[in-house]
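Listed below are the residues making up each chain.
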Amino acid sequence: MTSRPETARRDTGDTADQTPGDAVLRRFIGYDMKRAFNAVQADLNATLAPFGLRMVTYSVLAVVCANPGIRQSRLAEVLSIERPNLVLILDDLERAETVERVRAPEDRRAYELSPTLKGRHLCDRATQAVAAHDARVSDGIDAGTLGTLHTALRKIARNGQSERSERNTHERVSIPRA
């Protein structure tokens, strides 16, 4: 018996996660990534809620803590956040007194961002919770496979940002099945 290509599912060896009716989509890596992201995002937001943070506000705070003085425009680029959306996120973090926005001395049109002491402490505590969350969602996946997954996801991100003509020049990565 052969299956039709348009409904064939990639053989992942795991049938426990199949939702009735979505087999037509499960053959696409993007769909599996979306399903995984939705689960990770929901769990991470629940993990961060006691800190008054969400995935996006934690991400902004973490990058600002790691790069004090980062320009607002650079932060938007690093996190792939539209500038108007970043302004709203920064407004929230400023109201919480975790981030300071100051005009750049050499370019008064630009803002530099720095964490406050409260922001650094909050980021440290939240990062511990995020690390525990990360361990929980990757439970049962060995370190080698996780490394390969990180590499593959970064390549997928680059390929998705590439122009169509460049997409065929990137090296392909295969993820070994455990």
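Analysis parameters
- Position numbers for residues start from 1 in each chain and track the written sequence from start to end.
- This being a predicted model, a pLDDT of at least 70 is required before a residue's local features are given, and a value of 80 or more before pairs of side-chain atoms are given or counted; all residues contribute to the totals for chains, interfaces and linings.
- Side-chain figures throughout are based on the complete set of non-hydrogen atoms in the structure, without hydrogens or water.
- Numbering of helices and strands runs from the N terminus; a helix is a DSSP stretch of H or I covering at least four residues, while a strand is a stretch of E covering at least two.
- Residue contacts are defined here by distance: any two heavy atoms, one from each residue, within 4.5 Å place the two residues in contact.
- pLDDT runs from 0 to 100 and stands for how confident the predictor is about each residue.
- Two strands qualify as a pair provided that DSSP identifies no fewer than 2 bridges between them.
- Helix axes use the C-alpha atoms of the stretch in contact, all axes being lines fitted to C-alpha atoms, and the angles between their N-to-C directions lie in the range 0 to 180 degrees.
- For classification, angles of less than 35 degrees are called roughly parallel, those exceeding 145 degrees roughly antiparallel, those between 65 and 115 degrees roughly perpendicular, and all remaining angles oblique.
- Put simply, a crossing is left-handed when the front helix is turned counterclockwise from the back one by less than a right angle, and right-handed when it is turned clockwise.
- Note on residue classes: Ala, Val, Leu, Ile, Met, Phe, Trp, Tyr, Cys and Pro are nonpolar, Asp, Glu, Lys and Arg are charged, and everything else, Gly too, is polar.
- Two N or O atoms form a polar contact when they lie within 3.5 Å of each other; inside protein one atom must be a possible hydrogen donor and the other a possible acceptor, and for residues adjacent in sequence the pair counts only when both atoms belong to side chains.
- Take a side-chain nitrogen of Lys or Arg and a carboxyl oxygen of Asp or Glu: if they are within 4 Å of each other, that pair is a salt bridge.
- Burial classification: accessible surface area is computed with a 1.4 Å probe over protein chains only, and a residue below 20% of its type maximum counts as buried, one above 50% as exposed, and the rest as partly exposed.

Attention now goes to the environment of Val87. Tracing the backbone through its elements, the reader meets Val87 in helix H5 (residues 83–95). Leaving out residues up to four positions away in the same chain, Val87 has contacts with Gln72 and Arg101.

On to the confidence of the model for the chain. In this model, the chain carries a mean pLDDT of 85, and residues with pLDDT of at least 70 account for 80%. With pLDDT under 50 throughout, residues 1–11 is counted as low confidence; its partners more than four residues away or in other chains account for 20 contacts.

Let us now look at the sheet that holds strand S3 (residues 107–115). Strands sit in the order S1-S3-S2 across an open sheet of 3 strands; the sheet is antiparallel. The open sheet has two edge strands with one neighbour each: strand S1 (70–71) and strand S2 (99–104). Note that S1 and S3 share 2 bridges and pair antiparallel. Residue pairing for S3: Ile70 is matched across the bridge by Leu113.

The contact between helix H3 (residues 55–66) and helix H6 (residues 117–137) brings their axes to 10 Å, and the two run at 120°. Judged by the inter-axis angle, H3 sits oblique to H6. Between H3 and H6 lies a crossing of left-handed hand. Here H3 contributes Tyr58, Leu61, Ala62 and Cys65 to the contact with H6, which in turn contributes Gly119, Arg120, Leu122, Cys123, Ala126, Thr127 and Val130. Tallied by class, the residues present in the contact of H3 with H6 amount to 8 nonpolar, 2 polar and 1 charged.

Right, let's talk about the side chain of Asp22 for a bit. Relative to the helices and strands, Asp22 resides in the segment before helix H1 (23–26). A polar contact is formed between the side chain of Asp22 and the side chain of Arg35, at a distance of 3.5 Å. When sequence neighbours within four positions are dropped, the list of residues in contact with Asp22 reads Tyr31 and Arg35.

Applying the stated rule across the entire model yields 11 salt bridges. The closest approach of N and O atoms between Glu106 and Arg71, which form a salt bridge, is 2.3 Å. Within this pair, whereas Glu106 is found in the loop between S2 and S3, its partner Arg71 is found in strand S1, the two being separated by 35 residues in sequence. Its relative accessible area of 58% is what places Glu106 among the exposed residues. What you see here is one network of salt bridges that share partners, running through Asp22, Arg26, Asp32 and Arg35.

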